[in-house]
Every structure is written in structure tokens, then in C-alpha cells.
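Survey of secondary and tertiary structure
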Amino acid sequence: MMLLAIEQGNTNTLFAVHDGADWIAQWRTATESTRTADEYAVWLAQLLSMRGLDLGRLDACMISSVVPQSLFNLRNLARRYLSVEPMVIGENVDLGIPVRILKPSEAGADRLVNAVGAHLKYPGDLIVIDSGTATTFDVVAADGAFEGGVISPGINLSLQALHEAAAMLPRIAIQRPERVIGKDTVSNMQSGVFWGYVALIEGLVSRIKSEWGAPMTVIGTGGVASLFEGATTAIDHFDPDLTLRGLLEIRRRNTHMGA
């Protein structure tokens, strides 16, 4: 089995290939909802060839997307170029976990996949912090159930808003400043965004734990999670492979579907 896993966020889309034993290739591209199946195929075929692979060897496909308007083209990529019907999170797969929120259909595909991936590796009650376009805090119960959580603006979104809404504030890169008290505009902004997000994480983790009323393990994942490594003790584990682990486990739970 050669599986193509597609994990699409609002900013980036991850394409990864699993050969039945290991993840053997991964690529990221900017998420563009208007990109056609043919455009994806040309791009993907070139990258596969650099690894000695080709589209014809891929015989299974999974899609997790939070961009509904892109699903048509991603589904067509699987149908037209891989000749398979893809598994689509939220449509034709059984996640194998309870979703204990008021409207289960509203739960983002990425958050549910993360819940599966986290429960597979870490015991007990969990908080999964995914830092992307949005920063999400997901509560996963000891039985694997998705219990809801918190959605905050992502760190890049906050930087962009500062720059666009305030005429005198420049566009800056995210980095950890040595001091909290900045001495110029750039260091002021870097401190506000970086240490502000550390405080956001620490504050929400504390409040979630207090409300939950039982010990919880905190896992950080997502594009910018590594920025906070060493900056806070609120996150117990940094796990960049959380989403792919979840996708692969969901695939295993649904192999009877023949997709």
C-alpha cells in the first residue's frame, strides 16, 4: 500500500507518502483554494520523481481539509490521477472516537485527526495545542473522546493584523526576544507577540485544567509550536508528527471501506 495523505490547513497544505511501514516523503505548499486537480498533479509528479516515485504507485488517498472549496479539486486529484476514491475526514470515515460537543458536524477535521493521533500515543486526559492560522486548544478525554476546546487567532494572524491596522508598525518576523521590555518598535512588537502568546498558552492551559478538574498532559503541535519550546513549562511534549499519526490510524480503522 502506498498512501497519499493530504492535510490541508488555511495557510499550508501537507502532502505525505506512506509506504506501509514509514512516511517516506513530505512536502508543503501554500493553500490556494482555486488550484485545480491538474495543477496539483503536475506539482506532485515532479516532487515524487525527485524521490524516485511516481503517481502511478500511489494506490490510496486520505484527505483532511478545513477549506471546503478545495475538496472538489483534491478529490479529483485522487480520482483522476490515482484512480482511487479518497477517504475524506468528516465525510466517509469512522474516526473511532466519540465527539462530545453540541454539534459534532462543526468539529474541524484537523482537530479530530489530532485527537486520534494524541490519544494513540499519550495516556490520560489531554490538551492538544495546534499552532497554525488559528491556535486551537483541544481537550481529549482519557477514552479518546473529543470534548471541545478553545480557538484563538494564530500568531502570524496577530502579526499581520498589527501591521495592517497600525500605520506606523512594520511587518516583522516572529522570534523569541531576549527581554520582555523592548527598547525599539520591532523588539516591542516581537515581545508582545511572542511573550503574549506564551502568556495566552499558559493562561488558557491553567484555566482548562482548573475547569476540567483532573490532571492533563499538554501536547504542542503545528507550524509554529517549536517556537515555544524552552519558553514555557505549560507544554509537556512537542509532537510535530501528531496529525500524520492520526491520519494513519484512521486509515487503519477504515481499511474495510476499500478506499
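This write-up is about the structure you can find in this document. Quantities reported herein were computed from a predicted structural model and do not represent experimental measurements.

**Re the pattern of salt bridges**
Per the counting criterion, the structure on display carries 10 salt bridges. With a closest N to O distance of 2.9 Å, arginine 245 and aspartate 239 form a salt bridge. Side by side, arginine 245 and aspartate 239 carry an identical accessibility label, which is buried. Two residues, arginine 253 and glutamate 249, come together in a salt bridge whose shortest N-O distance is 2.9 Å. Placement of both arginine 253 and glutamate 249 in helix α6 (residues 242–253) is noted, with a separation of 4 residues, approximately one turn of the helix. According to the relative accessible area criterion, glutamate 249 is buried, its value standing at 14%.

**Here we look at helix α3 (residues 109–121)**
The end-to-end C-alpha distance of α3 is 19 Å, a good match for the 18 Å that 13 residues give at a rise of 1.5 Å each. Taken across its 13 residues, α3 has 10 buried, putting it largely inside the fold.

**Thoughts on the sheet that holds strand β3 (residues 23–30)**
In space, the 5 strands of this open sheet follow the order β3-β2-β1-β4-β5, with mixed pairing throughout. Edge strands, defined here as strands with exactly one partner in the open sheet, are β3 and β5 (87–88). Summarising the sheet, strand β1 (residues 3–8) and strand β2 (residues 12–18) pair through 6 bridges and their orientation is antiparallel. For leucine 3, the partnering residue across the bridge sits in β2 and is histidine 18. In the packing of α6 onto the sheet, the strands contacted are β1, β2, β3, β4 (60–65) and β5, and the crossing angle to β1 comes to about 130°.

**Some words on the pairing of β1**
Among the 6 residues in β1, 6 count as buried, and that is most of the element. Neither face of β1 is left uncovered, since the one carrying Leu3, Ala5 and Glu7 and the one carrying Leu4, Ile6 and Gln8 both have all their residues buried. As defined by bridge partners, β1 adjoins β4 across 6 bridges and the pair is classed as parallel. Of the residues in β4, the one forming a bridge with glutamine 8 is serine 65.

**What to know about the packing of aromatic side chains**
Overall, the coordinates contain 4 aromatic pairs when judged by the stated rule. Judged by centre distance (5.7 Å) and plane angle (45°), the ring pair of phenylalanine 15 and tyrosine 40 falls under tilted. Remark: tyrosine 40 occurs in helix α1 (residues 37–50) and phenylalanine 15 occurs in strand β2; sequence separation between them is 25 residues. For the pair formed by phenylalanine 15 and tyrosine 40, the shared burial category is buried. For phenylalanine 15, a relative accessible area of 0% gives the class buried. One aromatic cluster is present, formed by Phe15, Tyr40 and Trp43 through successive ring pairs.

**As for the environment of glycine 223**
Along the polypeptide, glycine 223 turns up in the loop between β9 (217–221) and β10 (237–238). As a C-alpha pair, glycine 223 and asparagine 12 span 211 residues in sequence and 9.0 Å in three-dimensional space.

Reading guide: rules and limits
Residues numbered from 1 in each chain as written. Predicted model: local features only at pLDDT ≥ 70, side-chain atom pairs only at ≥ 80, totals over all residues. Heavy atoms only, no water. Salt bridge = Lys/Arg side-chain N within 4 Å of Asp/Glu carboxyl O. Buried < 20%, exposed > 50% of the residue type's maximum accessible area, 1.4 Å probe, protein only. Helix = DSSP H or I, 4+ residues; strand = E, 2+ residues; numbered from the N terminus. Expected span 1.5 Å × (residues − 1). Pairing = 2+ DSSP bridges. Contact = heavy atoms within 4.5 Å. Axes fitted to C-alpha atoms, helices over the stretch in contact; angles between N-to-C directions. Phe/Tyr/Trp six-rings, centres within 6.5 Å; stacked < 30°, edge-to-face > 60°.

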